[in-house]
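Examining the three-dimensional arrangement
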Amino acid sequence: VQLQASGGGLVQAGDSLRLSCAASGRAFSRNLMAWFRQAPGKEREFVAAITWSGDPTKYADSAKGRFTISRDNAKNTVYLQMNNLKPEDTAVYYCAADASWYSSSYYRVPEYDYWGQGTQVTVSS
């Protein structure tokens, strides 16, 4: 089971990026999927989550109105569209998969069973 995150890079404040997370080894079409991020010296924090059907979606307050999580179950891929990026969004972004289809603990790191390797997002001011 592998999750491969991609799409990170160096951008300027106000720019957009779309992260992708491709799952392989098994189908994740029925799993809760999420994005987390970790900035240097900080704990890993929740960004967004999406159920297998695409509804509901959940967002951290810092992501609401700027980020959109989506998924394509046919491609076993989850996306994170990030608009109006800010320097404080700089972090390594990780995708994660839960063994269940939904959990009220969707925002907690220990909830997730599988993790990708992370992709660096750097936003300059």
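Read on for a plain summary of the structure.

A look at the pattern of salt bridges
Scanning the model with the defined rule gives four salt bridges in all. Between Arg 37 and Asp 89 there is a salt bridge, with the nearest N and O atoms lying 2.9 Å from each other. One end of the pair, Arg 37, is in strand β4 (residues 33–38); the other, Asp 89, is in the loop between β8 (77–82) and β9 (91–97), with 52 residues separating them in the sequence. Here the two residues Arg 37 and Asp 89 agree in accessibility, since each one is buried. Residues Asp 61 and Lys 64 are paired through a salt bridge, measuring 3.3 Å at the closest nitrogen-oxygen approach. Take Asp 61 and Lys 64: they sit in the same class, and that class is exposed. Members of the salt-bridge network, linked through shared partners, are Arg 37, Glu 45, Arg 66 and Asp 89.

Quick notes on the sheet that holds β8
If you trace the four strands from one edge of the open sheet to the other, you get β1-β3-β8-β7, paired in antiparallel fashion. The sheet is open, and its two borders are formed by β1 (2–6) and β7 (67–72), each paired with just one other strand. When the angles between neighbouring strand axes are averaged without regard to direction, this sheet yields 15 degrees. Of the strand pairs in this sheet, strand β3 (residues 17–24) and β8 are connected by six bridges, and their pairing is antiparallel. By the bridge assignment for β8, Arg 18 is matched with Gln 81.

Analysis parameters
- Residues numbered from 1 in each chain as written.
- Predicted model: local features only at pLDDT ≥ 70, side-chain atom pairs only at ≥ 80, totals over all residues.
- Heavy atoms only, no water.
- Salt bridge = Lys/Arg side-chain N within 4 Å of Asp/Glu carboxyl O.
- Helix = DSSP H or I, 4+ residues; strand = E, 2+ residues; numbered from the N terminus.
- Buried < 20%, exposed > 50% of the residue type's maximum accessible area, 1.4 Å probe, protein only.
- Pairing = 2+ DSSP bridges.
- Axes fitted to C-alpha atoms, helices over the stretch in contact; angles between N-to-C directions.

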